[in-house]
Amino acid sequence: MYKVVLFRHGESQWNLENRFTGWTDVDLTENGRAEAVRAGKLLKEAGFKFDIAFTSLLTRAIRTLWTVLDEMGQMYIPVHPDWHLNERHYGALQGLNKAETAAQYGDEQVLIWRRAYAVAPNPLDKEDPRWPGNDERYAHIPKDLLPTTECLKDTVERVIPYWEETIVPFIKAGQNVVIAAHGNSLRALVKHLDHISNDDIVNLNIPTAQPLVYELDERMKPIRSYYLGDAEAIAAATAAVANQGKAK
Ligand code: 3PG
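Residues numbered from 1 in each chain as written. Predicted model: local features only at pLDDT ≥ 70, side-chain atom pairs only at ≥ 80, totals over all residues. Heavy atoms only, no water.

Peer 1: What should I look at first to understand the site of the ligand in this one?
Peer 2: Every residue near the ligand is listed here: Arg8, Arg19, Phe20, Thr21, Gly22, Glu87, Tyr90, Lys98, Arg114, Arg115, Asn184 and Val241. Note that an oxygen atom of the ligand is positioned 2.9 Å from one of the backbone N or O atoms of Thr21. At 2.8 Å from an oxygen atom of the ligand is found a main-chain nitrogen or oxygen belonging to Gly22. Coverage of the ligand by the protein amounts to 99% of the 320 Å² it exposes when considered alone. The pocket occupied by the ligand, as judged from atoms lying within 2 Å of grid points, is the largest cavity. (Near = heavy atom within 4 Å. Polar contact = N/O pair within 3.5 Å; in protein donor to acceptor, adjacent residues only side chain to side chain. Areas by Shrake-Rupley, 256 points an atom, 1.4 Å probe, with all protein chains shown as cover. 1 Å grid on protein atoms, 1.4 Å probe; cavity = no way out; pocket = protein on both sides within 12 Å on 5 of 7 lines; lining within 4 Å. Sits in = over half its atoms within 2 Å of the grid points.)

Next up, the structure:
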């Protein structure tokens with residue numbers, strides 16, 4: 001049996017301000033850092049030891065990972081930051097307030113933009129500073145791979161090949177893997193692992209900085225999965241994420 005641990009970053013400044021973030025590189029709030037410390041303590045108490053970590057190129061995920069590993073006394077393990085694990089690109093919505101957008105376009109439309117599998121928000125122009133082709137951290141990536149917007153399907157199409165080709169070989173080699181990523185890049189991975197349908201994925205929300213443990217068989221099929229920590233608090237945090245896209 002294999003195990004992999006996933007977690008979303010702690011609360012970011014734009015989570016606090018309830019703004020569509022996507023690839024915008026905002027840092028954690030004080031609360032987000034405290035959430036990461038709590039996640040590290042939970043993992044340490046449960047006896048987890050990691051050999052290798054994967055994360056995105058975004059500060060909020062990297063800092064959450066560092067904080068968790070620091071708390072666990074495991075900062076020495078190799079960390080692989082890679083753009084394939086970045087948040088879903090939110091296109092022209094990036095920077096807008098979610099509740100204000102819902103007041104303007106309706107809760108239903110915002111739910112579609114946030115959660116529908118194959119509907120992407122309007123794309124950015126390539127002159128827009130929010131397009132990753134204008135950000136030097138992505139200079140090593142062919143420009144035609146860099147998104148101007150994404151729906152979850154697009155995110156699945158970059159996350160799952162990375163999971164299968166880069167991460168799974170480490171798991172199969174017996175390494176204990178931890179992945180620090182984002183609400184929607186993790187929805188993409190969970191959809192794949194749990195075979196969630198395109199319709200049902202609308203209802204899946206991932207709370208910040210809650211370690212999610214998957215036990216996998218040799219074919220990488222889940223035997224079981226569970227969040228570490230208090231079930232009621234996790235349910236409340238998950239419902240709060242779902243409600244961020246409502247006008248009030
Ligand atoms: C964002 O990019 O705004 C968040 O990280 C995830 O947002 P969502 O829950 O609205 O998809």
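Peer 1: When you look at the sheet that holds strand 6 (residues 222–227) in this model, what are you seeing that I'm missing?
Peer 2: Backbone hydrogen bonds hold the strands of a sheet together, and the pairing may be parallel or antiparallel. Across the sheet, which stays open at both edges, the six strands sit in the order 3-2-4-1-5-6 with mixed pairing between neighbours. Strands at the two margins of the open sheet, each flanked by one partner only, are strand 3 (79–81) and strand 6. For this sheet the average axis-to-axis angle between neighbouring strands, irrespective of direction, equals 20°. Here five bridges tie strand 1 (residues 2–8) to strand 5 (residues 212–216), and the two strands are oriented antiparallel to one another. (Pairing = 2+ DSSP bridges. Helix = DSSP H or I, 4+ residues; strand = E, 2+ residues; numbered from the N terminus. Axes fitted to C-alpha atoms, helices over the stretch in contact; angles between N-to-C directions.)

Peer 1: Just to check I follow, could you spell out the packing of aromatic side chains for this structure?
Peer 2: Given two aromatic rings, one states the distance between the centres and the angle between the planes to describe the pair. Under the definition given, this model contains seven aromatic pairs. When the centroid spacing of 4.9 Å and the interplanar angle of 40° are considered together, the rings of Trp23 and Tyr138 count as tilted. On the criterion of sequence distance, the pair formed by Trp23 in the loop between helix 1 (13–16) and helix 2 (30–45) and Tyr138 in the loop between helix 5 (107–115) and helix 6 (152–172) is long-range, its members being 115 residues apart. What makes Trp23 buried here is its relative accessible area of 6%. We classify Tyr138 as buried; its relative accessible area is 2%. Pairing Tyr105 with Trp113 gives two aromatic rings, centres 5.3 Å apart and planes at 75°, and the pair type is edge-to-face. Residue classification places Tyr105 among the partly exposed positions, given a relative accessible area of 47%. An aromatic cluster is built from Trp23, Trp83 and Tyr138, whose rings are joined through pairwise contacts. (Phe/Tyr/Trp six-rings, centres within 6.5 Å; stacked < 30°, edge-to-face > 60°. Buried < 20%, exposed > 50% of the residue type's maximum accessible area, 1.4 Å probe, protein only.)

Peer 1: Whenever I open this one, the pairing of strand 5 confuses me. Can you help?
Peer 2: Among the five residues in strand 5, five count as buried, and that is most of the element. In the sheet, strand 5 pairs with strand 6 via five bridges, with the strands oriented antiparallel. By the bridge assignment for strand 6, Glu215 is matched with Arg224. Hairpin connection from strand 5 to strand 6: five residues lie between these consecutive antiparallel strands, with Met220 at a positive phi of about 65°.

Peer 1: When you look at the nonpolar core in this model, what are you seeing that I'm missing?
Peer 2: One recurring pattern in soluble globular proteins is that nonpolar side chains are buried together. Counting 30 residues, the largest nonpolar core has Val4, Leu6, Trp163 and Ile179 as the members making the most contacts within it. Ranked by residue count, the leading element in this core is helix 6, at nine residues. Residues within four places of Ile179 in sequence aside, it is in contact with Val4, Val5, Leu6, Phe7, Phe54, Leu85, Trp163, Ile167 and Leu189. The next biggest cluster of nonpolar side chains, apart from the first, holds 16 residues, and it includes Ala39, Leu65, Met72 and Ala180. (Core = buried A, V, L, I, M, F, W, Y, C linked by side-chain atoms within 4.5 Å. Contact = heavy atoms within 4.5 Å.)

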